[in-house]
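Results of the structural survey
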Amino acid sequence: MLTVAVFLPIVGAAVLALIPRSREEMIKAAALLITAATTIVGISLLFGFDYSDAGRLQYSANHGWIDVINSRYHIGIDGISLPLLILSMVITLLCVIYSWDHFPEPHNPKAFLILMLVLETGMNGTFAAQDLILFFVFFELVLLPMYFMIGVWGGPNRQYAAIKFFLYTLFGSALMILSFLALYFKGGQTFDIPLLIAQGGTIAHGTQLLIFGGLFMGFAIKVPMFPFHTWLPDAHTEAPTVGSVILAAVLLKLGCYGFIRIAIPILPDAAKSWAPWIGLLAVIGIIYGALGCLAQRDMKRLIAFSSVAHMGFVMLGIATLTSFGINAAVFGMVAHGLITGMLFFIAGSIQERFHTRELARLGGLLLQAPRLGWILGFCAFASLGLPGLAGFWGEFPAILSAYQPAAGLSQLTFRVYMAVAAIGTVFAAGYLLWMLQRVAFGTIKTEFENAHIHDVHIPEYLAWTPLLLGILLFGIFPHLIFHMTDQAVGLVTSSVGAVSSAAGR
Amino acid sequence: MLHNAWLIPLIPAVSFFLILFFGKRMPKKGCEIGIAALGLAFVLAVVAAAQWIGKAEPREAVHAHHTWFNMGGIDFGFGIHVDGLTVMMLVVVTFISLMVHIYSTGYMHGDRRFTYFFAALSLFTSAMLMLVVADNTLQLMIGWELVGLCSFMLIGHWWEEGVNSGAAIKAFITTRTGDVGLMLGIITLFFAAGRNFDIEHLNHEALTGAIGHGTLLVGACLLFLGVMGKSAQFPLHVWLPDAMAGPTPVSALIHAATMVVAGVYLVARLYGVFFTGFSIQAGGVNFVAIIGAITVLIAAALAFVQDDVKKVLAYSTVSQLGYMIMALGVGAWSAGVFHLFTHAFFKALLFLGSGSLIHSVHSNNMSEMGGLRKKMPTTFWTFIVGSVALAGIFPLAGFWSKDEILLGASKNGYPLMLVVGILGAFMTAAYMTRACYLIFAGEYRGHGHPHESPPSMAWPLRILAVPAALAGLLNAPGIGLFHKWVDFEVPGVPPFLHEHSFNVPLAGASLAVAVLGIGVAAGYYFRNAFPLGLSERVPILKTGERILVHKYYLDDLFLAIVRGIQYPIAKAAYWFNQHVLDGVINGVGKGAQASAQLVYEVIDQRVIDGVVNGAGMSAEEGGSILRHVQSGRVQQYAAVLFGAAAVFAIGLVFLT
């Protein structure tokens, strides 16, 4: 069943390839059908999941694959992968709906949708893979469609942005696969993630540190963490709306997920040594991303920089290596996916209407398109971590967790991080409200006085309603996500705890 | 009702959604839903109060707790904690909110966002009530942030004008700056109390000494930062006067009577933490008392130089909040809470009265009022009642509560705070006299023909005038009911707050000072007993006035900080981003491209291609398709992959 969830989109992409390019309606319908079917599979996974045992890998499949290097087709999901997998499916479906009648130039829905479906397989597969080589294949599979999405359908500076995105990530991946190979040789000639976790910590400390370093580069670039984030604003600014949404909502999570799924549990010992540095980069990212936002003139670029800040909170949670922190991180990933995804949708819709994203030229959106303005306000407040909306539950517990990081980490260091992160929430309020004021409040600028600005239309409603409901629902019932993640996170942190108690003796 | 007190915040929450979705289709555009909901909530609050009073002594707090979610082995819960303080707040909030709802039907009549306004009022009331009934700090913080949101929405209600949305943002950011402290304080106490958010537990642990004094002090200081933001204490008070950009009913409800006292409520609610953390029992001068005292004086002084009637009241509110905080800081718990109670009535009355004036004169400026006594009799009489109550004249509400604060300061060994309190009383009486003179005496200086406001606005004024006059009697000597009903008690800890008696000389002194304040101001304005233009001629006074007009230059300082962050610092960070970080990346990219070019030209084109060219002829057609995809960049990927593979190989050798 999980296999279906992973491969259905790519099969669909093949089917789409067979439909003649001229039959656009049919292509769109097929794409919608496939992503909807995938989501339905996802929902049935959600219902069939055994939440009382959310730490166990479920829906596992384990077959021989590349026997020469002992790499197996091993997939399965636990409480950490499940919400992210569902997020990936839902976001792709909504992106197909949103694109319905506004495909970016140069149009060509067929190619665009095929790329989107391939992308989905890559994302779903990454969240399901339990074998390092399989993980790597899916992780890389994501790159190419996104490269073409930016490079073909992007803005004026798309070539540069696409190359930068591709090469930067590839560079990280090269170091990552190196670390995977090192794990293979040092960890008993296997690529199987659960097996590697089970014998975790047996690798010598110095070697662990190096291997973790390779993984760190691979994942940190993908997250992206300061100072490896510079590909992100360019990619987001140039990418078509849907590309930005998928990039923000799902792709950025692959890196964080890699830390939680692979780096920390397999190399708990090295994780502890690296944690203060990861935490440091995370809090720098929080403040730095916010400053970046304040310097922007372009709405979309501002939202892109806000991702750097938000990912800082996620990474701070992860760096504490505590149950609170990692739970918050997973929640933060889902929340950021919904909220920032929505913000990119809105930025796209604003650009479509005003043909500009320049903050100085916009204004009075609430007068011309009140519903759009309201939705922007809602998302801005969600993004700044207002309690009662989803953003809060990624942010607050992450800050909370830094008060008392895992045993063996310096309390003082992390408390300083905690204070800096908390100050970051003020900055977040600053740039988001500033943006809201520029875009939504005030009066209509003279140049758009006579422009016909239509309010939210049907495809937008269809694509956005689930996200908006999700933001509200998860904000009021954080339980919906925490009851999936909590046990699985417990296993991750217990692997860290085992090291500290061993070291204590 | 005590066990079901959660219903009280729930009703306006439901009302919020009803108004949002159905309000515009209702005959009265949604205001009837809000009024009905608040009416119901008020009745329930009164029932709860009656049940609380009817309980056998000693009254034990009603506590109900449910699990919200589990995470990291901790039960994150929501629940209610109902005791005298809660019940008092429930009654005050629902009553004022109901009055403001009724008043707004007149004041906001014809507003283009009428429905939205009522929805926001409902949401605000719900959030405030949730904050009040919260049994744990996390839930309290959620309510706290939500009232901040509503405050933002309502200050910026007329967001077409940049001034209004600017004021809304200023309010939100300033309070959020304080909220950093609140959040960190809650986190500190959470861990200090054994991973627990429960308020009663926190008080218990603090009072029994289970939490180390150092931690407690840090926690209390951090929490107090949040209080300074929300309750507009010096130096974070700067947002409150600007918040007057919102519609006047909002100023009455949120920025005078309810939301701004959330900080005072927090200190009162977690008093165990503050009492022990700041060693209030020792009688030493402490942070809370000092900040409160400074706020009393600096805000009262600012009230003298305002022309905008709402700003006079705003600074007066800041000053009175300072009284409440100072009272809590000197250990006079019930005096502080009692002042919160009485202040809510007379300040709401004054604000609604000022709204009535503005509605009629179409200006906020007192320089455009004057002579309104005859033209607006209801507004006049109720405004005078409010002013006299605020000035602390016997036997109106403010007299009793202010007197208790002075008594507390003197009994608990805080002579400095006693002096501040008396000085503040003098100033309060004087600036209110000035305001009343400018508004009601003399000739009308504005435009048009002012007239009395419609009944929907006049009636709330009349109704509010009753508690503004009489609420203080609840705690008059021989009655003392307020003390009895609203007491601070933590189970398992012996009571540490002593009830105090009425002190005639002190009360007489404070009354005399207030009368003196009125007298001096009246002499200045009505009788011209002092030479006019003093501040023009005396340099010291002139400097003083200039400092006051510039609000002690605090706003300029904060603005400079914000600008400093937004312009030089953010711009510098962005420059660093574009030129240094990105420069490295681009440099690497260019280097790779250059070496790829070299490899391509030297090896590929000359050596390999020579061989391939022969075979390539036949594949030309297929190649042309590929060439379309294949720009020079593919070589770059190849170069990178090649490099990666090389790193790989080296790594393998190194590791194995």
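Residue positions are given per chain, counting from 1 as you read along its sequence in written order. By the order in which they are written, chains take letters starting at A while ligands take numbers starting at 1. With the structure being a predicted model, the display of local features is reserved for residues of pLDDT at least 70 and the display and counting of side-chain atom pairs for 80 or more, all residues being used for whole-chain, interface and lining totals.

**Here we look at the overall build of chain A**
So the rule is basically this: In this text, helices come from DSSP runs of H or I with a minimum length of four residues, and strands from runs of E with a minimum of two, each type numbered from the N-terminal end. It is over C-alpha atoms that the radius of gyration is taken, and the globule rule equals 2.2 Å times the number of residues to the power 0.38. Put plainly, a residue is buried at 20 or more neighbouring C-beta atoms within 10 Å of its own, exposed at 12 or fewer, and partly exposed in between, counting only other residues' C-beta atoms, which are placed from the backbone. In this description, any two residues whose backbone-derived C-beta atoms lie within 7 Å of each other are considered to be in contact.
The helix and strand tally for chain A stands at 20 helices and two strands. A compact globule built from 505 residues should have a C-alpha radius of gyration of about 23 Å, and chain A, at 22 Å, falls within 12% of that. In terms of principal-axis extent, the alpha carbons of chain A reach across some 75 × 55 × 40 Å. A total of 505 residues make up chain A; the buried ones form 67% of that total. If you take every contact in chain A between residues at least 6 apart in sequence, the share linking residues at least 24 apart comes to 80%.

**What to know about the overall build of chain B**
Check the secondary structure of chain B and you find 27 helices and two strands. Within chain B, the fraction of its 656 residues that count as buried is 53%. Summarising the internal contacts of chain B: among those between residues at least 6 apart in sequence, 80% fall at separations of at least 24.

**Some thoughts on the interface of chain B and chain A**
Applied cut-off: When residues are sorted by character, Ala, Val, Leu, Ile, Met, Phe, Trp, Tyr, Cys and Pro go into the nonpolar class, Asp, Glu, Lys and Arg into the charged class, and all the rest, Gly among them, into the polar class.
Of the residues lining the interface, 49 residues belong to chain B; the matching set on chain A comes to 50 residues. Among the elements that line the side of chain B that touches chain A, the one with the most residues is helix 6 (residues 162–192) of chain B, at 13 residues. Residue composition of the side of chain B that touches chain A, by class: 29 nonpolar, 14 polar and six charged.

**Topic: helix 22 (residues 504–525) of chain B**
All names here are of chain B. Definition in use: The span expected for a helix works out to 1.5 Å for each residue beyond the first. Of all possible arcs, the one meant is that of the directions from the helix axis to the C-beta atoms.
End to end, helix 22 covers 31 Å across 22 residues, agreeing with the expected 32 Å (1.5 Å per residue, within 8%). Taken residue by residue, helix 22 has Ala507, Ser510, Leu511, Val513, Ala514, Gly517, Ile518 and Ala521 as its buried positions. All buried residues of helix 22 project into a common sector of 155° when viewed along the axis, lining one side. Exposed residues pointing more than 90 degrees away from the buried face of helix 22 are listed as Val504, Pro505 and Gly508. Where helix 22 is buried, its residues meet helix 17 (377–391), helix 18 (397–411) and helix 19 (415–440).

**So, the environment of Leu182 of chain B**
Residues and elements named next belong to chain B. You can see Leu182 is positioned in helix 6. For Leu182, a count of 28 C-beta atoms within 10 Å corresponds to the buried category. Discounting chain neighbours no more than four positions away, the residues touching Leu182 are Met141, Trp144, Leu223, Leu225 and Gly226.

**Considerations on the pairing of strand 1 (residues 62–71) of chain B**
Residue and element names in this part refer to chain B. Applicable threshold: Between any two strands, pairing holds if DSSP finds at least two bridges.
Here nine bridges tie strand 1 to strand 2 (residues 74–82), and the two strands are oriented antiparallel to one another. Along strand 2, the bridge assignment pairs Val62 with Val82. Taking the residues that link successive antiparallel strands as the turn, the strand 1-strand 2 hairpin has two residues, and the phi of Gly72 there is positive, at about 55°.

**Structural notes on unusual backbone geometry**
For the bond running from Val223 of chain A to Pro224 of chain A, omega is -10°, close enough to zero to count as cis. Examined against the element boundaries, Pro224 of chain A turns out to sit in the loop between helix 9 (205–222) and helix 10 (231–238). Here the bond from Phe234 of chain B into Pro235 of chain B is cis, since omega is 0°, no more than 30 degrees from zero. With respect to the helices and strands, the residue Pro235 of chain B is situated in the loop between helix 8 (213–230) and helix 9 (239–242). With a phi angle near 55°, Leu321 of chain A is a residue other than glycine that sits in the positive phi range. We classify Leu321 of chain A as buried; it has 29 C-beta atoms within 10 Å. Positive phi values are uncommon outside glycine, yet His355 of chain A reaches one of about 55°. Inspection of the secondary structure puts His355 of chain A in the loop between helix 14 (323–354) and helix 15 (365–368). Overall, His355 of chain A belongs to the exposed group, with 10 C-beta atoms counted inside 10 Å.

**Considerations on the confidence of the model for chain B**
Residues and elements named next belong to chain B. Convention followed: On a range of 0 to 100, pLDDT expresses the predictor's confidence in each residue.
Across chain B, the average pLDDT comes to 83, with 89% of residues at 70 or higher. Long-range and interchain partners of residues 618–632, a stretch whose pLDDT sits below 50, account for one contact in this model, where long-range means more than four residues apart. Prediction confidence for the complex, expressed as pTM and ipTM, is 0.88 and 0.90 respectively.

**Digging into the nonpolar core**
Our working rule: Buried Ala, Val, Leu, Ile, Met, Phe, Trp, Tyr and Cys residues whose C-beta atoms connect them within 7 Å together make up a nonpolar core.
One finds Ala263, Met315 and Ala421 of chain A together with Phe274, Ala348 and Ala468 of chain B to be the most contacted residues of the largest nonpolar core, which totals 437 residues. In terms of residue count, the dominant contributor to this core is helix 14 of chain A (19 residues). When near neighbours in sequence (up to four residues on either side) are disregarded, Phe274 of chain B contacts Ala220, Val267, Ile280, Val288 and Leu328 of chain B.

**Remarks on the packing of helix 5 (residues 132–141) of chain A against helix 7 (residues 158–186) of chain A**
Residue and element names in this part refer to chain A. Which entries qualify depends on this criterion: Simply put, an axis is a line fit to the C-alpha atoms, just over the touching stretch for a helix, and the angle between two N-to-C directions goes from 0 to 180 degrees. Each angle receives one of four descriptions, namely roughly parallel if under 35 degrees, roughly antiparallel if over 145, roughly perpendicular if within 65 to 115, and oblique otherwise.
Close contact between helix 5 and helix 7 brings their axes to 10 Å; oriented N to C, the two are set at 170°. Relative to helix 7, helix 5 is oriented roughly antiparallel. The segment helix 5 lies against helix 7, with Leu132, Phe136, Phe139 and Glu140 engaging Ser173, Ile177, Phe180 and Leu183. Residues belonging to the contact of helix 5 with helix 7 are distributed by class as follows: six nonpolar, one polar and one charged.

**Some words on the packing of helix 10 of chain A against helix 13 (residues 299–319) of chain A**
Residues and elements named next belong to chain A. Heads up, the rule is: Each crossing gets its hand from how the near helix is turned against the far one by less than a right angle, where anticlockwise is left-handed and clockwise is right-handed.
At a closest axis distance of 9 Å, the pairing of helix 10 and helix 13 adopts a crossing angle of 145°. Handedness of the crossing formed by helix 10 with helix 13: right-handed. From helix 10, Leu232, Pro233, His236 and Thr237 reach across to helix 13, where they touch Lys300, Arg301, Ala304, Phe305, Ser307 and Val308. A per-class count over the contact of helix 10 with helix 13 returns five nonpolar, three polar and two charged.

**So, the environment of Ser494 of chain A**
Residue position: Ser494 of chain A is located in helix 20 (residues 479–504). Residue Ser494 of chain A is classed as partly exposed on the basis of its 15 C-beta neighbours within 10 Å.

**Some remarks on the confidence of the model for chain A**
All names here are of chain A. Averaged over every residue, the pLDDT of chain A is 88; the share at 70 or more is 98%. Between the elements of chain A, mean pLDDT differs from a low of 75, seen in helix 20, to a high of 93, seen in helix 3 (residues 81–99). A low-confidence stretch, residues 500–505 stays under pLDDT 50, and its non-local contacts, those more than four residues away or across chains, total four contacts.

**Structural notes on the environment of Tyr107 of chain B**
Residues and elements named next belong to chain B. Mapped onto the elements of the fold, Tyr107 is located in helix 3 (residues 84–107). Residues Tyr107 and Leu352, spaced 245 residues apart in sequence, show a C-alpha to C-alpha distance of 9.5 Å. Apart from the residues lying within four places of it in its own chain, the contact partners of Tyr107 are Pro247, Thr248, Pro249, Gly355, His359 and Met457.

**Here's the deal with helix 10 (residues 248–257) of chain B**
Residue and element names in this part refer to chain B. With 10 of its 10 residues buried, helix 10 lies for the most part within the structure. Among the residues of helix 10, those classed as buried are Thr248, Pro249, Val250, Ser251, Ala252, Leu253, Ile254, His255, Ala256 and Ala257. Of the surrounding elements, those touching the buried residues of helix 10 are helix 3, helix 4 (114–133), helix 5 (137–155), helix 9, helix 14 (309–329) and helix 15 (333–361).

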